[in-house]
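Fold and geometry: a report
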Amino acid sequence: MSYRAADSLRSVTLDDVRGAQKMLSGVARVTAMEGSRHLSQLVGAPVHLKCENLQRTGSFKLRGAYVRIAGLLPEERAAGVVAASAGNHAQGVALASSLLGVHATVFMPKGAPLPKISATRDYGAEVRLHGQVVDETLAAAQEYAAATGAVFIHPFDHPDVIAGQGTVGLEILEQCPEVRTIVVGMGGGGLAAGVAVAAKALRPDVRIVGVQAEGAACYPPSLAAGRPMSLLNPATMADGIKVGRPGAVPFGIVDELVDEVRTVSEDQLSAALLLCLERAKLVVEPAGASPVAALLAAPDAFEGPVVAVLSGGNVDPVLMQRVLRHGMAAQGRYLAVRLRLTDRPGALATLLGVLSAVDANVLDVSHVRTDPRLGLTEAEVELHLETEGPVHCAEVGRALRDAGYTVMS
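Residues numbered from 1 in each chain as written. Predicted model: local features only at pLDDT ≥ 70, side-chain atom pairs only at ≥ 80, totals over all residues. Heavy atoms only, no water.

Taken in spatial order, the 4 strands line up as β5-β4-β3-β6 in an open sheet, and their pairing is parallel. With partners counted over all chains shown, the strands left at the sheet margins are β5 (126-129) and β6 (151-152), one partner each. Pairing analysis gives 4 bridges linking strand β3 (residues 81-84) to strand β4 (residues 104-108), with the strands arranged parallel. Bridge assignment links Val-81 to a residue of β4, and that residue is Ala-104. (Pairing = 2+ DSSP bridges. Helix = DSSP H or I, 4+ residues; strand = E, 2+ residues; numbered from the N terminus.)

Okay, structure coming up:
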């Protein structure tokens, strides 16, 4: 299954996806489908999680990359392949190329997380660091392709790639034949397009819902305009769906087959990632958690049974720490307060006793004694607290005020 430049805008069919599934046999894992009791109770219908975060390389990207590279002509393979990515696509191309015996050069931004750079190298690719943002990295990879003859492997804008991603849709129908709604995260649209092709061909009644981060939602204005439109400065923690312009090939499919595109906030993404970790015991990156974020944001909007595709689990540990804290704050389980107290021996112990009485867990304490706003005998204390939720936060605030403390925030 190989497409030349002349038919690069050719649509993708069910036969293409089935061909990709045969090609991926023994290469990509048939990932697990896990039920979620918490989400099922929230939605009022069965909710299942399609765990592509447990795929080889940690995301669905291996599927499309392998099918694209396997479809190259012998002379194209000999010239090698090149890709640009900050993480998931890089690792998918690296492993696919290694399995197929093709030399891969992967351009990554200089600020890419070290674990992702290391993993891409370990999968066998030559890594070149270039640029501070993915757009600069992409330009460098395309220049390299033009200069060397290496085949550029686009992360989403090619029929072979979309057919490979569509195998996720076939697996969903096999694992959950009664599914009524499939929810999938969207950046450039390759995964959503592939899943839609497979699902709609076999089950036209299945509803396909795409999910984008609010700060990188290129599809809603593009669908309204009837053509791919560019965002000037896409911004989101979910780097896996941080794309400023839909791909031409997936856009046509999404426009025809995807029933709805929703957006989610950063707070909702954080809360979803935290839920996946705590309730499902799954490590999921923000982009992979976007379908769960959509379910949390509007549980009544989805007819069940629902399958939410967890597209990836490659999250930098430093980002994970920040996102989890952000998610706890979004759920009212992390509270930061500043207050003034008399600067005397035992004052902090008394304050901590008030917090202990209401079961607030103190994570961090800092003092300010030299601010000109403070009186001679005053000190300002900032505390970071772990709480049980919004009701508990309100209880903590009341306890502090009842004890005579002036709460600044």
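Moving on from the coordinates now.
As a further point, take helix α1 (residues 14-24). In an α-helix, one turn spans 3.6 residues, which is why side chains three or four residues apart end up on the same side. Of all the positions in α1, only Leu-14, Asp-16, Val-17, Ala-20 and Leu-24 are classed as buried. Viewed end-on, α1 has its buried residues packed into an arc of 160°, placing them on one side of the element. Turned more than 90 degrees away from the buried face of α1, the exposed residues are Asp-15 and Lys-22. Check the buried side of α1 and you find it contacts α3 (61-70), α8 (159-175) and α9 (190-202). Once α1 finishes, Gly-26 follows within two positions and takes phi at roughly 85°, a positive value. (Buried < 20%, exposed > 50% of the residue type's maximum accessible area, 1.4 Å probe, protein only. Arc of directions from axis to C-beta. Contact = heavy atoms within 4.5 Å.)

Scanning all chains against the criterion turns up 2 aromatic pairs. When the ring of Tyr-219 is compared with that of Phe-251, the centres are 6.1 Å apart and the planes differ by 20°; the resulting orientation is stacked. Taken as a pair, Tyr-219 in helix α10 (residues 219-225) and Phe-251 in helix α11 (residues 248-257) lie far apart in primary sequence, 32 residues in all. For Tyr-219, a relative accessible area of 0% corresponds to the buried category. Phe-251 gets classed as buried once you look at its relative accessible area, which sits at 6%. (Phe/Tyr/Trp six-rings, centres within 6.5 Å; stacked < 30°, edge-to-face > 60°.)

Before going further, it helps to spend a moment on the sheet that holds strand β1 (residues 33-35). The 6 strands lie next to each other as β1-β2-β10-β7-β8-β9, forming an open sheet whose pairing is mixed. This sheet does not close on itself; its edge strands, each paired only once, are β1 and β9 (260-264). When strand polarity is set aside, the average angle formed by the axes of neighbouring strands in this sheet is 25°. Taken together, the 3 bridges between strand β7 (residues 181-185) and strand β10 (residues 306-310) define a ladder with parallel strand orientation. Within the sheet, the bridge partner assigned to Ile-182 lies in β10 and is Val-307. The strands touched by α8 within the sheet are β1, β2 (47-51), β7 and β10, with β2 carrying the most contacts at an inclination of about 140°. (Axes fitted to C-alpha atoms, helices over the stretch in contact; angles between N-to-C directions.)

What follows concerns the pairing of β10. The buried fraction of β10 is high, at 5 of 5 residues. Along β10, one buried face is formed by Val-306, Ala-308 and Leu-310 and the opposite face, lined by Val-307 and Val-309, is buried too. In terms of strand pairing, β2 meets β10 through 5 bridges, oriented parallel. Bridge assignment links Val-47 to a residue of β10, and that residue is Val-306.

Burial within α3 is extensive, with 10 of its 10 residues counted as buried. Restricting attention to buried positions, one finds in α3 the residues Lys-61, Leu-62, Arg-63, Gly-64, Ala-65, Tyr-66, Val-67, Arg-68, Ile-69 and Ala-70. Contact partners of the buried residues in α3: α1, α4 (74-79), β3, α5 (88-100), β6 and α8.

The next thing to look at is the environment of Gly-304. Secondary-structure assignment places Gly-304 in the loop between α13 (290-297) and β10. Remark: the alpha-carbon pair of Gly-304 and Glu-178, spanning 126 residues in sequence, is separated by 8.9 Å. In this view, Gly-304 contacts Ala-45, Pro-46 and Arg-180; residues no more than four positions away in its chain are not counted.

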